[in-house]
Amino acid sequence: MGMDAQVSYAFHTERKLHPEKFKNQLVNQGTYAKLVSTQGWFLASLMHPSSRNIAQLAKVKVMKRPGHWEDLEVPSSIRSIICLNLPSFSGGLNPWGTPNQKKSRDRDLTAPYVDDGLIEVVGFRDAWHGLVLLAPKGHGTRLAQAHRIRFEFHKGAADSTYMRIDGEPWKQPLPVDDDTVVVEISHLGQVNMLAAPGCISKSVYDPSSPSHRQQDDDSSGELDEEESEERRKFGAADTFKLPADVDISQLS
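For clarity, every value in this text was computed on a predicted model and none was experimentally measured.

1. What to know about the pairing of strand β7 (residues 160–165)
No. 1: Examined bridge by bridge, β7 and strand β8 (residues 168–173) share six bridges and lie antiparallel to one another. Each bridged residue has a counterpart across the sheet, and for Thr161 the counterpart in β8 is Gln172.
No. 2: Connecting the antiparallel pair β7 and β8 is a turn made up of two residues, with Asp166 showing a positive phi of about 50 degrees.

So, in structure tokens, the structure goes:
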């Protein structure tokens, strides 16, 4: 929500009006960079009023424990908020990064995992702040990790804001009277997925993953031989193999 979504909305609108101009990836990236510059996000503190900042637009709440909402203090300079449920954003960037031991101890922050049931909430001040993601250990302002996040928009600061979900942006009208617009983000469910050995989103076997620790606590001992063999063959079960007496060259 905010700065990034507004640029995406402008890019999406321009592409719908002139699709013939968006046939080259390099041109698309150049257009995107131009929109960031013309909208003034590199000089956001000078060119954008504070009413565009997230703290002025909405009251933000997070649920870290089931059934308990608490207010999230968003710095007044934050103009964009990103909510993630996986360690990848905008072509493979990781806005959350990996908190060091001090941050993990003092703020109870963990690395981002796809199976921990948590949403990472990251903030950015301006376009320059966003460019730090290109650095090896660059990350945004870590605001919270929570099971749910809620934005409560009230009348006042602006008549609309910009939001985006999975690359699809839109312009969100805000209240013009005493009504409240509420946007809440939470996990709908979880399913098992296949992952390559080097996949950054794979964490079920990561010792630091909460799900891995829970499995260790629940385990009463080593896997028996039959279960170990089934796990080894996962994705290549016997039911998917051709019988030994079948000549594959005769199949049509």
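Now that the structure has been shown, the text picks up again.
2. Topic: the layout of surface pockets
No. 1: Volume-wise, the largest pocket comes out at about 1600 Å³.
No. 2: Taken together, 49 residues form the lining of the largest pocket, with Asp4, Ser8, Phe89, Ser90 and Arg164 sitting closest to its centre.
No. 3: Secondary-structure elements contributing two or more residues to the lining of the largest pocket are α1 (3–17), α2 (25–38), β3 (80–84), β4 (119–124), α6 (127–131), β7, β8 and β9 (181–186).
No. 4: In terms of residue count, the dominant contributor to the lining of the largest pocket is α1 (eight residues).

3. A word on the environment of Ser90
No. 1: Its place among the elements puts Ser90 in the loop between β3 and α5 (101–107).
No. 2: For Ser90, a relative accessible area of 53% translates into the label exposed.
No. 3: Note: C-alpha distance between Ser90 and Gly167 (77 residues apart in sequence) is 8.6 Å.

4. A few points about the nonpolar core
No. 1: Core analysis: the largest hydrophobic core is formed by 20 residues, its most contacted members being Ile54, Val60, Leu72, Val74, Ile81, Phe151 and Phe153.
No. 2: Elements that contribute at least two residues to this core include exactly α4 (54–57), β1 (58–65), β5 (141–146) and β6 (148–153).
No. 3: Ignoring sequence-local partners within four residues, the contact set of Phe151 consists of Met1, Ala58, Lys59, Val60, Ile81, Cys83, Val181, Val182, Val183 and Ile185.
No. 4: Counting 18 residues, the second-largest nonpolar core is a separate cluster that includes Met3, Ala44, Phe89 and Trp96.

5. Observations regarding a nonpolar patch on the surface
No. 1: A contiguous nonpolar surface patch, about 350 Å² in accessible area, is contributed by Leu43, Leu46 and Met47.
No. 2: Secondary-structure assignment places Leu46 in helix α3 (residues 44–47).

The rules we used
Residues numbered from 1 in each chain as written. Predicted model: local features only at pLDDT ≥ 70, side-chain atom pairs only at ≥ 80, totals over all residues. Heavy atoms only, no water. Pairing = 2+ DSSP bridges. Helix = DSSP H or I, 4+ residues; strand = E, 2+ residues; numbered from the N terminus. 1 Å grid on protein atoms, 1.4 Å probe; cavity = no way out; pocket = protein on both sides within 12 Å on 5 of 7 lines; lining within 4 Å. Points joined across faces, edges and corners; volume = space filled by probe spheres on them. Buried < 20%, exposed > 50% of the residue type's maximum accessible area, 1.4 Å probe, protein only. Core = buried A, V, L, I, M, F, W, Y, C linked by side-chain atoms within 4.5 Å. Contact = heavy atoms within 4.5 Å. Patch = residues over 30% accessible without salt bridge, like charges linked within 9 Å, V, L, I, M, F, W, Y side chains within 5 Å. Areas by Shrake-Rupley, 256 points an atom, 1.4 Å probe, with all protein chains shown as cover. Salt bridge = Lys/Arg side-chain N within 4 Å of Asp/Glu carboxyl O.

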